[in-house]
Amino acid sequence: NLSAFKRYAVDLAELGHVDAVLITCSTMNRAYPHVSEALQHYKVPVFQIDRPMMERAVNHGGRILVIATHGPTVESTQTLLHEVAGETGRSIHITGALVEDAWDCLARGDVENHNAIIARTIRDHMQGEEIGCVVLAQLSMTIFLLSHPDPMKEFGIPVYTSGQCGFDAVREVLTSKN
């Protein structure tokens, strides 16, 4: 419910006196404009965890491989990529993979197989088509970097995660406020 989401954000500003609000759900990123508008009066910045990742992918160029482990995230990820591309005047080409078995592994606490499935998916797509960069569609997929800390060295292309890109962007804004 969008109104409840906005009310919760206002409560965070009024009662929690937060410095920023970070929307960490890839699917709920669609609520960003509404939450941002609701918090404009409080001068509390609102961040979409995925947006910095999308900006890096769009700016990098080339075909973007979007890998998701949870079906509902696919559409919101592609929509945000197209929005960012439109705002920057760039055209993008997206290819994708849904690997729900990786989600099942992570739900069981099997990080190793989760990460192995993602790595195999990247390699398989790179064999079949030219890929410029990879976008891992959910925050939970940031755990991939534990097994593959230097994707550029390993795969020859950047692998963007919302955790790394999103938290970097939030840190920049919050440290510049002080």
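Residues numbered from 1 in each chain as written. Predicted model: local features only at pLDDT ≥ 70, side-chain atom pairs only at ≥ 80, totals over all residues. Heavy atoms only, no water.

1. Remarks on the packing of helix 3 (residues 51–60) against helix 9 (residues 162–177)
Next, step 1: Look at helix 3 against helix 9: their axes get within 7 Å of each other, and the N-to-C directions meet at 105°. The orientation of helix 3 relative to helix 9 falls into the category roughly perpendicular. Contacts from P52, M53 and R56 in helix 3 reach S162, C165, G166, D168 and A169 in helix 9.
Next, step 2: When the residues that make up the contact of helix 3 with helix 9 are grouped by side-chain class, the tally is 4 nonpolar, 2 polar and 2 charged. (Axes fitted to C-alpha atoms, helices over the stretch in contact; angles between N-to-C directions. Helix = DSSP H or I, 4+ residues; strand = E, 2+ residues; numbered from the N terminus. Parallel < 35°, antiparallel > 145°, perpendicular 65-115°, else oblique. Contact = heavy atoms within 4.5 Å. Nonpolar A, V, L, I, M, F, W, Y, C, P; charged D, E, K, R; others polar.)

2. Brief notes about the side chain of Q48
Next, step 1: With respect to the element layout, Q48 can be found in strand 2 (residues 46–48).
Next, step 2: Owing to a relative accessible area of 8%, Q48 belongs among the buried residues under this scheme.
Next, step 3: With residues up to four places along the chain from it excluded, the contact list for Q48 reads L22, I23, N29, Y32 and L80. (Buried < 20%, exposed > 50% of the residue type's maximum accessible area, 1.4 Å probe, protein only.)

3. Notes on the sheet that holds strand 4 (residues 93–98)
Next, step 1: Across the sheet, 4 strands lie side by side as 4-3-5-6; this open sheet has parallel pairing. In the strand order of this sheet, the two ends are held by strand 4 and strand 6 (159–161), each with one partner. Taking each pair of neighbouring strands and ignoring which way they run, the sheet shows an average axis angle of 25°.
Next, step 2: Relative to strand 6, strand 5 (residues 133–136) runs parallel, the two being bridged by 3 bridges. Within the sheet, the bridge partner assigned to V135 lies in strand 6 and is Y160.
Next, step 3: On the sheet, helix 3 packs against strand 3 (63–68), strand 5 and strand 6 and is oriented at approximately 165° with respect to strand 5. (Pairing = 2+ DSSP bridges.)

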